[in-house]
Each structure stands twice: as C-alpha cells, then as structure tokens.
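# A look at the structure
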Amino acid sequence: MARERTPAELEELLGAFALDAVDAEEAEQIERYLETHPEARDEVAQYRETASMLAFAGADAPSGLWHSIVASLEEEPPRLVLPVADPTGDLPPLRMPGIPVRPDVVGPEVAPEEDRPSAAPVVPIDAMRSRRSVGMRVMTGLAAAALVVVALLGVQVDRQGRQVDELTSALDRSAIESAAALAARTPGVRTAEMTSQIGGRTARILLLPDGSGFVTESNLERLPAGRTYQLWALVGDEDDPTAISAGVLGNSPSTVPFRFSGSAFGFAITDEARPGVVSSSQAPVVVGTF
Amino acid sequence: MRIEDLREASDAKLVVAIGRYSQEALAEAYRRHGGAAFGLAQRLVGDRSMAEEVVQEVFLRLWNDPDKFDPDRGTLRSYLLAQTHGRSVDLIRSESSRRRREEREARLNAESGYDLEREVIDMAVGDQIRSALATLADGEREAIELAYFGGHTYREVAAMLGQPEGTIKSRIRSGLTRLRAALVETGVVGSGA
C-alpha cells in the first residue's frame, strides 16, 4: 500500500509534479492535496507557465495535422439528403413531411455523391450553448476583455459568472441584430418569407451572396427544454428537393446567423428532440422559398 | 465572431468561441500554439507520427472540454503545452515505447545531449529566456532539462546524475522558482499565475 506523504513532502514535490516528473501514485496524492490547497495549485500553475516558456517554439505545425484534427471533431455538420432511396431497396425513401417529393425516385436516379451540394457547417448557436456551456472560469476571464464595453454600458460587473454570461449574451444578441439589419440592406441579399400551414408561425431568411445568412423576424413558439429548432436548406429540383442542415437554432430563436454556401431555392425549419440531427422525420414548422 | 476578430481575440475569448463549437476559433488556437505543441511533442517522443497523435489529442481535448482551461491559472499556451507534455510523457513511459525511447536516448547521447539554449534559440523572447536560464545553478538546470525535455521522473534523474532523490526534487523546485523570478523580472511572464 502506498505511503501517505506529509504536506511538507508533497510541497517539495510540486516542481517535479509540474514537469510530470513524479510517478502515478505520487501524482494522485498531489492532485488530492491541490484540491484543498489553492496556494499549491497556484504554485504548480506558475511552474507550468515557466516550463512552457522553455518549449521550443518550433515551426508551424503540419497543415495535414490540422486536417486530421478537423476530421475527428465531435460535431460533424448534420446532413440530410431527401429523398434518397436506399440502394439496397431494403429501406423506404426518406421523406420530410410537408416538402413535396417525387414519389417515383428510386436508386438509379439519385444524384451521385459528387453532384450533391456539400453540407454546410452547423452554426453554433443557442441550443449548442445550453448543451455545452463553457465554464464560469472562462467567462470570468472574458470579463477582463469586456471591461471597456462594460464601463460604457455603465453596468456593474463583478466576477460572478452569471452576470458576465448575461452580459456576453446581450452583447452577442445586439451584434447579431445589427448584422442582420445590415444584411437586409445589402445589395444582392435574397429574402425568403417562411410560413406555416397552420398556427400562423413565420420567419424570414436573409441570404447574402457570400453564403452568410440570418433567420430573423421569427415568431416561432418557445420549445420545451431539450428540444430545438433546426434549419434546413432546400436545394436541387423544387419538386424533388434535397434538404441539407444549415444549423441548429435553439429552442427560442429570434435572430440567428447561419452559413450556407450551396445554391438553395428555399429553407425549412423543423422542431427536433435533439440538436444537430442528421436526418429528420419531422414536418417542417415553417417553409419558405426565394 | 469574424476570423479577423479571432486573430485579435484573447485566449479566454477564443476558448469561449471554441465552447460554442467554432471551428474557426479552434483553428486560430492551433495557428497560435500548434507549432509549439508539435515541437515539444516531437522533442519528447522523438517520432513525428506519435507527436502528431499527441497534438491531435490535445486539440481534441480542448474542443471537447474547453472549460478545463482556466484563464486565471495561466495562458492557453501553457495549458496546451502542459497537456502536450503530460500526454507525451505518458506515451514515452508506456511499455510499448520503452525500446523506442532507449534507442532515441542512445542516439541523443551520441549527439549533443540536451541543450536548453538550442531549444529556445528561435523564440521571439529567446534572449530573455537565455538570460533567465543563466541564473540557474548547473545542477538545477540539468535536473530541469532531464525532467522536462527527457520526460524522466525525478527518481530517474537522480539515478542518472548519481544524486539523492531529495536533492533532485529540491533542485527542480528551486530552479523553476528562480527561472520564474527571472522571467517575471524581464517581463516575459506576468507576476500572477
């Protein structure tokens, strides 16, 4: 059984610990010690900062390595291709209810992969934020950077993360609203008015020539926690559309940016039980074409 | 956040953006620190493909768990390099890479051995770091070199240098303290954590 070290012995090991130069059993004891000794934690952080200065700056990291990193990221852009018949004939064609599809599409008529529009990146927005909240420590760090803005707004910001988070959200919202207003006045912007068949739900799509766009003027009802709206670009033949995910919108979208660089004739929004679904069986809440 | 804004963003803002699944923010973090991480990993594991694996894992960790980074406890660079160092050390201490490591050490010993000055020679703040290194006693510097760049435990360092373990522990700690004080004095690192 491992010998329990005294605080003095553990303190003496902090330098070696910061350089990963202790064995696993010692590291475990030190980590436990650090949990209750903030001064020791600071000391280790300072040693690591110092050691990092010794690390060879190196040349640029290999670009191929970046491609490997991107390829293995957890959040792949969701992609939905409708209607596509299962080439094996075992599965029925996927359908998005409410979007007209040609019933006679079968395997041989499906466009080859290389002819299909590429999937658009998912825009990380509200639903993602709620699902993956960056810790308050990071938000506290952000407070320093936002100091000037905070002073201008006359807002008393302390180091409580909740207030910082609210401020950040407000700044984000304000910037997004401004960007959407600017986009609406930009020459070449395409506008699609989205409507629902029932319920009077509406939203507007603004799509700029460079592929950046906004969902705006939305009166979509707030969804229960855990559910989210998802935006789909409709491409290809209007009678035989292909739907490609263009982003997750959160459960209460007002104005939300997205990016879609393909050639879309319209957009649809669905209500999903989880963010970033790859395929949808939901009827669109609203649909609109340019 | 626009790409141009990301170029100017602080570490904390970058990590917030990464927390919101911004691949552009992760790309910016990689642009800033990927080279240093790769250089350190390659120096430690002595193998390009293994170094790439380490760096890939480190950046994936940042993507998956951005809140592990605490800006109050240091820079993003030091966080990523600490992760890189830890993962590299895990690798070179594993049984499967023991033989590779021995071969690499034999090769290094046949060449010039560890040379901290050579490690920092291309850094923008290389002069200040070299000056800081000069404040270390030889024994301190040697112990830090073997532990940090060699990936050895202090016990292994003690055995290699024929010194008591307690002496090596003390030298690493006092050397890092002295080095930090010198770097703070020259303004290379801040006086906080």
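Throughout what follows, the structure given in this document is the object of discussion. (Residues numbered from 1 in each chain as written. Chains lettered and ligands numbered in written order. Predicted model: local features only at pLDDT ≥ 70, side-chain atom pairs only at ≥ 80, totals over all residues. Heavy atoms only, no water.)

## With respect to the overall build of chain A
Regarding its fold elements, chain A presents nine helices and eight strands. With 290 residues in all, chain A has 45% of them scored as buried. (Helix = DSSP H or I, 4+ residues; strand = E, 2+ residues; numbered from the N terminus. Buried < 20%, exposed > 50% of the residue type's maximum accessible area, 1.4 Å probe, protein only.)

## Considering helix 10 (residues 154-161) of chain B
Every buried residue of helix 10 of chain B is listed here: Y154, V157 and A158 of chain B. Buried residues in helix 10 of chain B, looked at end-on, bunch into an arc of 100°, giving them a common side. Those residues of helix 10 of chain B that are buried are in contact with helix 2 (14-18) and helix 3 (24-35) of chain A together with helix 9 (138-148) and helix 11 (165-185) of chain B. Note on helix 10 of chain B: the residue one or two positions beyond its end, G162 of chain B, has a positive phi of about 65°. (Arc of directions from axis to C-beta. Contact = heavy atoms within 4.5 Å.)

## Structural notes on empty space enclosed by the protein
Summed over all chains, the structure comprises one cavity of 30 Å³ or more. Of the pockets and cavities examined, the largest cavity occupies roughly 50 Å³. What lines the largest cavity is simply A18, L19, D20, R48, A51 and S52 of chain A together with S78, L81, A82, H85 and Y148 of chain B. Elements that contribute at least two residues to the lining of the largest cavity include exactly helix 4 (38-54) of chain A together with helix 5 (76-93) of chain B. Considering each element in turn, the lining of the largest cavity owes the most residues, four residues, to helix 5 of chain B. A per-class count over the lining of the largest cavity returns six nonpolar, three polar and two charged. (1 Å grid on protein atoms, 1.4 Å probe; cavity = no way out; pocket = protein on both sides within 12 Å on 5 of 7 lines; lining within 4 Å. Points joined across faces, edges and corners; volume = space filled by probe spheres on them. Nonpolar A, V, L, I, M, F, W, Y, C, P; charged D, E, K, R; others polar.)

## Some remarks on the pattern of salt bridges
Pairs can form between side chains of opposite charge whenever their charged atoms are close. By the definition in use, this model includes 25 salt bridges over all chains. For R173 of chain B, the salt bridge is made with E43 of chain A, and the minimal N-O distance between the two is 2.9 Å. Taken together, the residues R173 of chain B in helix 11 and E43 of chain A in helix 4 connect one chain to another. For the pair R173 of chain B and E43 of chain A, a shared accessibility class is recorded, and that class is buried. In this structure, D65 of chain B engages K68 of chain B in a salt bridge whose closest nitrogen and oxygen atoms are separated by 4.0 Å. Look at D65 of chain B and you get partly exposed, because its relative accessible area is 32%. For K68 of chain B, a relative accessible area of 52% translates into the label exposed. (Salt bridge = Lys/Arg side-chain N within 4 Å of Asp/Glu carboxyl O.)

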